[in-house]
Amino acid sequence: MPSTAPTAAQRVTIALGERSYPILIGPGLLGQPDTYAGLPVAATALIVSNTTVAPLHAERLQRALAPHYSRVLQLALPDGETYKDWAHLQRIFDTLLAHACDRKTVLFALGGGVVGDMTGFAAASYMRGVPFVQVPTTLLAQVDSSVGGKTAINHPLGKNMIGAFYQPQRVVCDLDVLGTLPARELSAGLAEVIKYGPIADMAFLDWIEAQLPALLARQPQALAHAVQRSCEIKAHVVGQDERESGLRAILNFGHTFGHAIEAGMGYGAWLHGEAVGCGMVMAAELSARLGLVDAAFVARLKRLIQAAGLPVTGPQLAEDNAGRYIELMRLDKKSEAGEIKFVLIDGPGRAAVRGAPDALVREVIDHCCAPA
Ligand code: NAD
Ligand code: GLY
């Protein structure tokens, strides 16, 4: 059954029939018991977090959950993309089983996208599925990863290769938690905010350009609008194509090049949002070379990404740099029969998913990467 939640400052709904759920957006939500009213009834809750976020925010969440559950357990995983793997997923199962958690146990993912993706995957598979709630604490997680039900861990050969589509019961975006976020992580989150402009809403891109100083200064109203509009766009896309049979792939603008950067550099060297930011510049350049947008559009996007504090020049991954990018991109989940599919900008505010000749992709990589 869909859950019901109390009124919050702002609410966006992911409309997926029985699996519909609200995204609550506002200040101070994390520590209010009312935020968690109406979730599936259970004896036990497990807060999964990491060693950075737990000391900052887990105690308030623990207290807010106490009226709803007889037991509120906590697990803090080590912090970082490099731990988004089988061994650390197993630690979630170890904790659940060591405490004899039953199939009604509710998992709470308190952290960024790494904790959210791992906790979601654990929830999808523990006893064949238990409910979970996303409590995202990075901007990136609030505007993207906590919403839409993609859960996964990495494999050494490819990012997010092992996972499941599994929707949370609720997403709680407490804007106050962004106050403790390092500046580099804020910028990484802005990459995913910027993404929504070129693929879906040029008026939003105009707004981001105008409000970038306010966003970088963490002005509460600017952050609230950025989170809300991003979630609205994502909700609209996911509501039409939950399991990415087509349209949802547009949310991966910048990710084909970006995932190659992340895997090629070793997970964690570049932040996911940094790789996506640079990947958007490369995908926009490819779009221009295919005649889909003009050079001025690419320059505009690049300026904004750079102003958001993100890298716009790709790293060298190997001696045969373009060859290595292409090799890594063939592993992308959008690839079909070995053909790499790119999310391209097909005119401002519109995205298309299609292949491109290898020779052109090589030109783009050579053009966009730092010299060897
Ligand atoms: P992250 O989870 O690694 O968090 C970034 C860093 O910020 C970590 O060191 C974390 O401990 C710290 N942190 C988190 N919240 C904090 C806070 N409030 N105060 C201080 N420090 C805080 O990274 P991320 O950028 O949130 O997420 C990236 C991950 O999300 C990647 O693994 C990516 O693949 C995944 N992702 C998933 C989806 C999806 O749809 N499921 C979408 C986009 C990205
Ligand atoms: N972040 C891309 C998606 O959720 O589909």
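In what follows, the structure referred to is the one given above.
Residues numbered from 1 in each chain as written. Chains lettered and ligands numbered in written order. Predicted model: local features only at pLDDT ≥ 70, side-chain atom pairs only at ≥ 80, totals over all residues. Heavy atoms only, no water.

A.B. asks: Would you take a moment to explain the pairing of strand 4 (residues 71-77) for this structure?
C.D. replies: When a strand is regular, its side chains alternate between the sheet's two faces. Pairing between strand 3 (residues 44-50) and strand 4: 7 bridges, direction parallel. Note that in strand 4 the partner of N50 across the bridge is L77. (Pairing = 2+ DSSP bridges. Helix = DSSP H or I, 4+ residues; strand = E, 2+ residues; numbered from the N terminus.)

A.B. asks: What should I look at first to understand the environment of R218 in this one?
C.D. replies: Among the secondary structure elements, R218 is positioned in the loop between helix 6 (202-216) and helix 7 (220-240). Polar contacts involving the side chain of R218 include one to the main-chain carbonyl oxygen of L181, which spans 2.6 Å. (Polar contact = N/O pair within 3.5 Å; in protein donor to acceptor, adjacent residues only side chain to side chain.)

A.B. asks: Looking at this model, I keep getting lost on the pattern of salt bridges. Mind explaining?
C.D. replies: Under the criterion given, the structure shown has 21 salt bridges. Note that K195 and D144 form a salt bridge whose closest N and O atoms lie 2.8 Å from each other. Within this pair, whereas K195 is found in helix 5 (residues 183-200), its partner D144 is found in helix 4 (residues 139-145), the two being separated by 51 residues in sequence. For K195, a relative accessible area of 0% translates into the label buried. Between K150 and E244 there is a salt bridge, and its shortest N-O distance comes to 2.5 Å. In this pair, K150 is assigned in strand 7 (residues 150-155) and E244 in the loop between helix 7 and helix 8 (255-265), connecting sequence segments 94 residues apart. Residue class for K150 comes out partly exposed when judged on its relative accessible area of 32%. (Salt bridge = Lys/Arg side-chain N within 4 Å of Asp/Glu carboxyl O. Buried < 20%, exposed > 50% of the residue type's maximum accessible area, 1.4 Å probe, protein only.)

A.B. asks: I keep staring at helix 7 and nothing clicks. Help me out?
C.D. replies: In an α-helix, one turn spans 3.6 residues, which is why side chains three or four residues apart end up on the same side. For helix 7, built from 21 residues, the straight-helix expectation of 30 Å at 1.5 Å per residue is met to within 8% by its first-to-last C-alpha distance of 30 Å. Residues A222, L223, A224, A226, V227, S230, C231, I233, K234, A235, V237 and V238 constitute the buried set of helix 7. Tucked into the core, helix 7 has its buried residues touching strand 1 (10-14), strand 2 (21-26), helix 4, strand 9 (170-174), helix 5 and helix 6. (Expected span 1.5 Å × (residues − 1). Contact = heavy atoms within 4.5 Å.)

A.B. asks: Is there a simple way to think about the site of ligand 2 in this case?
C.D. replies: With respect to spatial proximity, the complete set of residues near ligand 2 consists of D144, K150, K234, E244, R248, L251 and N252. Between ligand 2 and D144, the relevant distance is 3.0 Å, taken from a nitrogen atom to a side-chain nitrogen or oxygen of the residue. In the complex, the protein chains occlude 90% of the 200 Å² of accessible area that ligand 2 would expose alone. Considering only residue class, the shell around ligand 2 consists of 1 nonpolar, 1 polar and 5 charged. (Near = heavy atom within 4 Å. Areas by Shrake-Rupley, 256 points an atom, 1.4 Å probe, with all protein chains shown as cover. Nonpolar A, V, L, I, M, F, W, Y, C, P; charged D, E, K, R; others polar.)

A.B. asks: Please clarify how a nonpolar patch on the surface should be interpreted in this entry.
C.D. replies: Together, L157, M161 and L331 line one region of the surface with nonpolar side chains, adding up to about 280 Å² of accessible area. Relative to the helices and strands, L157 resides in the loop between strand 7 and strand 8 (158-165). (Patch = residues over 30% accessible without salt bridge, like charges linked within 9 Å, V, L, I, M, F, W, Y side chains within 5 Å.)

A.B. asks: Looking at this structure, how should I read the packing of helix 5 against helix 7?
C.D. replies: Two numbers describe a pair of packed helices, the interaxial angle and the distance between the axes. Where helix 5 contacts helix 7, the two axes come as close as 10 Å, and the packing angle between them is 45°. With respect to each other, helix 5 and helix 7 are oriented oblique. The way helix 5 lies across helix 7 gives a crossing that is left-handed. For the pair helix 5 and helix 7, the contacting residues are V193, Y196 and A200 in the first and A226, S230, I233 and K234 in the second. (Axes fitted to C-alpha atoms, helices over the stretch in contact; angles between N-to-C directions. Parallel < 35°, antiparallel > 145°, perpendicular 65-115°, else oblique. Left-handed = near helix turned anticlockwise from the far one by under 90°.)

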